[in-house]
Amino acid sequence: MVLSAIISAFSDEYKKSPVRVKVLDAFLIYALATAGVQFAYMMLVGTFPFNAFLAGFLSCVGFFALTVCLRMQVDPANKDFTGISPERAFADYCLANLVLHLVVWNYMG
Amino acid sequence: ARPIFITLVLLAALGVTSAGKSVLVLLQNANTADKYSKFFGSLRDYGFDISVKGVKDSSLKLKEYGTWLYDDLVLFAPQTEGFGGNIDRQGILDFVDSGHNVLLALNSDASESMRNLAAEFGVDVDDRGSKVYDHFNHATLNGKEDHTLIAGGDVVDAPVMVGGPYKEPVLFRGIASVIPGDSELATVALGAPSTSYSHAPKQAMLEPPSLMVGSAISLVTAVQARNNARVVVAGSLEMFTNDIFDAVVTVKDVSTHTANWAFTVTLARWAFQDRGVLVASNMRHHLLGSDEQPWGYRVNDDVEFLVDIVEVDGGVPKPFAADDIQLEFIMLNPYIRQPLQHDGNGTFSLRFKVPDVYGVFKYYIDYAHRGYSYVKLTHQVPVRPYKHNEYERFLLCAYPYYASAISVMAGFFALGFFYLYNK
């Protein structure tokens, strides 16, 4: 009973957040799902090209972390980042992703 | 032709080992050389240069100014307590240590010094005065039945050492010896039949295990030292005499000749390194598909190892053929241990894959087939790991990971598109 009340309260509040934030959340779930698929595959076939597994897995995890940071900076409900414009946040995000994917493909082998 | 040329140069350079044909024979009395004229005559026919001297001759010497005067030594003087001239027990041991060979014959009156000399070579001779008796496998010579004239001893199955299977018996009348059962260097060339025993007639009978019995008794022992020098200790001097060579004896009511002539001459030739000497040369290795000798390998390389081995028989090298020469590729443990294949021309080779372990490995051959000289070869070869650009790429089993990384990049691209251009 209490659980369903919590869930309905949460989803009502969540519907009020801006579209931008909800799209970022969708991409977060996508990254998480991809990571989960890779992990399940690794459990099935073993860790043979371990560097490839780590590269793929950590590309999802790194993307997740960077997108969370972008969401934190962009969410209007978050008062800590008022001095940073959304464009600045996105520019930082692009740079970080560039470094992440460079490392991922170098380690992929 | 090139490997044979190298081998001949090697043999010429080695000089002493298998080309040695100068023999010093020491008899109790030099005048009795006629008793062994057929034995020495056969050896002379095979190219040996035999000098017969008395064992107490004061001009005896094996070594002069640092060089050995003879290549082989024959001691047919079992009763002698010491040697004349400059020869002594230590001199004989130095003679063997330097690669030369000894043929030592004893009999029941073998002196203490002769028994000690045999003991130096690992052969434990029975006490003075003891004889080998066999009440079931003895021979009757000239009408006299003699239970100490053993017929029916077991000739070792090693044609290179003693010759082919003998239908006639090898007669023996003398003293018994034993060698340790686990001896790596000594072989029983003629073993006593299982019904024989060793006993000194004037003393009380011993009990086993001090009593030497049956197949534990070695009548003729062949020892090959680690430097490939050979020593043969025969318990019977009489088995080398003309009388026994020509004898017609009765064994178990069957009249037969003896095989002593062929047996002793073949064994003497083996002892003087005229038979069964292996020379290994031209050890080489290379990666498959290349001819040059690499400084080392990488893990998982395909390589081939080759070596040429010839057998020298009477000074003539001929290609050796055997299926049991083992090559080890070893770094603390033998990762590869395989027999070499031969091509019929004396070239032994093996193709194998370097194991998936890097380090400093060693090719190791340690061949000790009975009757042949020892072949010991080692060669060190380093094995390196993969360089960073030698790993496998684009593996099929890693496609999901490639796909996921690409999809994350595509996701980032889509996210950017949406973020920037969405109102």
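Once a new chain begins, its residue numbering starts again from 1 and follows that chain's sequence as written. Here every chain gets a letter starting at A, and every ligand a number starting at 1, in the order they are written. Residue-level local features of this predicted model are given only where pLDDT is at least 70; pairs of side-chain atoms are given and counted only at 80 or more, and the full residue set underlies all totals for whole chains, interfaces and linings. Side-chain metrics rest on all non-hydrogen atoms present in the structure, leaving aside hydrogens and water.

**Q** I keep staring at unusual backbone geometry and nothing clicks. Help me out?
**A** For residues other than glycine, phi is negative in most cases, and the peptide bonds are mostly trans. Residue and element names in this part refer to chain B. Of note, Gln 273 is a non-glycine position whose phi angle comes to about 60°, a positive value. Under the scheme used here, helices are H or I runs from DSSP no shorter than 4 residues and strands are E runs no shorter than 2 residues, and both carry numbers assigned from the N terminus. Tracing the sequence through the fold places Gln 273 in the loop between helix H8 (260-271) and strand S19 (277-287). At Leu 332, a position not held by glycine, the phi torsion is positive, near 70°. Here Leu 332 shows up in the loop between strand S23 (326-331) and strand S24 (333-339).

**Q** Please explain the packing of helix H4 (residues 86-108) of chain A against helix H9 (residues 399-421) of chain B as it appears in this structure.
**A** Angle between the axes and distance between the axes are the two parameters that describe a pair of packed helices. Put simply, H4 of chain A and H9 of chain B touch, their axes get as near as 11 Å, and they point 165° apart. The orientation of H4 of chain A relative to H9 of chain B falls into the category roughly antiparallel. Seen along the crossing, H4 of chain A lies across H9 of chain B with a hand that is left-handed. Mapping the contact onto sequence places Pro 86, Phe 90, Tyr 93, Cys 94, Asn 97, His 101, Val 104, Trp 105 and Met 108 of chain A in H4 of chain A and Tyr 401, Tyr 402, Ala 405, Ile 406, Val 408, Met 409, Phe 412, Leu 415, Gly 416, Tyr 419 and Leu 420 of chain B in H9 of chain B. Think of each axis as a best-fit line through the C-alpha atoms, taken over the contacting stretch in the case of a helix, with angles from 0 to 180 degrees between the N-to-C directions. An angle counts as roughly parallel when it lies under 35 degrees, as roughly antiparallel when it exceeds 145, as roughly perpendicular when it falls between 65 and 115, and as oblique in every other case. Crossing handedness follows the turn of the near helix against the far one: under a right angle anticlockwise gives a left-handed crossing, and clockwise gives a right-handed one. Contact criterion: two residues are considered in contact whenever any of their non-hydrogen atoms come within 4.5 Å of each other.

**Q** Whenever I open this one, the UniProt feature "transmembrane region" (unreviewed entry) in chain B confuses me. Can you help?
**A** The UniProt record annotates "transmembrane region" (unreviewed entry) at residues 399-421 of chain B. Spanning residues 399-421 of chain B, this segment combines 100% helix with 0% strand, and its end C-alpha atoms are found 33 Å apart. UniProt positions are given in the numbering used here, feature names are shortened, and annotations may be inferred rather than shown by experiment.

**Q** Help me understand the pairing of strand S21 (residues 302-313) of chain B in this model?
**A** It is a general feature of regular strands that their side chains alternate between the two faces of the sheet. Residues and elements named next belong to chain B. Judged by how many residues are buried, S21 sits mostly within the fold: 10 of 12 residues are covered. As paired elements, S19 and S21 share nine bridges and run antiparallel to each other. Within S21, the residue paired with His 286 across the bridge is Glu 304. Any two strands between which DSSP finds at least two bridges are classified as paired. Note that S21 and strand S22 (residues 316-319) share four bridges and pair antiparallel. Bridge pairing links Glu 311 to Lys 318 in S22. Think of it in three bands: residues with accessible area under 20% of the maximum for their type are buried, residues over 50% are exposed, and the middle band is partly exposed, with areas taken using a 1.4 Å probe on protein chains only.

**Q** Would you mind showing me how to read the pattern of salt bridges here?
**A** Between side chains of opposite charge, a pair can form when the charged atoms approach closely. Residues and elements named next belong to chain B. By definition, a salt bridge exists where a carboxyl oxygen of Asp or Glu is found within 4 Å of a side-chain nitrogen of Lys or Arg. Taken as a whole, this structure holds 23 salt bridges over all chains when the rule is applied. A salt bridge links Lys 318 to Asp 313, with the shortest nitrogen-to-oxygen separation between them at 3.6 Å. Residues Lys 376 and Asp 366 are paired through a salt bridge, measuring 3.3 Å at the closest nitrogen-oxygen approach. Taken together, the positions of Lys 376 in strand S28 (residues 375-384) and Asp 366 in strand S27 (residues 359-367) put the pair 10 residues apart, joining distant regions of the chain. Its relative accessible area of 40% is what places Asp 366 among the partly exposed residues. Look at the salt bridges and you will find they share partners, linking Lys 21, Arg 269, Asp 274, Asp 313 and Lys 318 into a network.

**Q** I would appreciate a short explanation of the UniProt feature "domain: OST48 middle" (unreviewed entry) in chain B in the present structure.
**A** The feature "domain: OST48 middle" (unreviewed entry), as annotated in UniProt, sits at residues 285-422 of chain B in this numbering. The straight-line gap between the two end C-alpha atoms of residues 285-422 of chain B is 69 Å; of that span, 17% is helix and 45% is strand.

**Q** Sorry if this is basic, but what is going on with the nonpolar core here?
**A** Generally speaking, a soluble globular protein has its nonpolar side chains buried in company with each other. All names here are of chain B. Nonpolar cores were defined as sets of buried Ala, Val, Leu, Ile, Met, Phe, Trp, Tyr and Cys residues, with membership established by side-chain atoms within 4.5 Å. Counting 45 residues, the largest nonpolar core has Phe 39 and Phe 76 as its most contacted members. Ranked by residues supplied to this core, first place goes to H8 with six residues. Phe 76 has contacts with Leu 26, Leu 27, Gln 28, Tyr 36, Phe 39, Phe 40, Leu 103, Ala 105, Leu 237 and Phe 240, leaving out every residue within four places of it along the chain.

**Q** It is not clear to me how H8 of chain B should be interpreted in this structure. Could you clarify?
**A** Residues spaced three or four apart along an α-helix face the same direction, because each turn holds 3.6 residues. All names here are of chain B. Between its first and last C-alpha atoms H8 spans 16 Å; for 12 residues at 1.5 Å apiece the expected length is 16 Å, and the two agree. Burial within H8 is extensive, with 10 of its 12 residues counted as buried. Here H8 has its buried residues at Asn 260, Phe 263, Thr 264, Val 265, Thr 266, Leu 267, Ala 268, Arg 269, Trp 270 and Ala 271. With its phi angle positive at about 60°, Gln 273 sits one or two positions after the end of H8. A helix's residues, less one, multiplied by 1.5 Å, set its expected span.

**Q** What is the right way to read the sheet that holds strand S10 (residues 144-150) of chain B from this model?
**A** Neighbouring strands of a sheet are bound in pairs by backbone hydrogen bonds; such pairs are parallel or else antiparallel. Residues and elements named next belong to chain B. Spatially, four strands are ordered S10-S9-S17-S18 in an open sheet, and the strand pairing comes out antiparallel. On the outer flanks of this sheet lie S10 and strand S18 (254-256), each paired with one strand and no other. Between one strand axis and the next, the sheet turns through 40° on average, direction left out of account.

**Q** Before we go on, may I ask you to explain the interface of chain B and chain A in this structure?
**A** Much of the literature gives interface size as the accessible area that the parts lose upon coming together. The interface of chain B with chain A comprises 21 residues on the first partner and 32 residues on the second. Overall, the association of chain B and chain A removes approximately 2400 Å² of surface from exposure, summing both partners, and the carbon and sulfur fraction of that is 79%. Together, Tyr 401, Phe 412 and Tyr 419 of chain B form the three largest contributors to the area buried by chain B at its contact with chain A, with a combined 34%. Scanning the region where chain B abuts chain A turns up zero salt bridges. Here the quantity called buried area is the accessible surface, traced with a 1.4 Å probe, that two parts lose on coming together, added over both.

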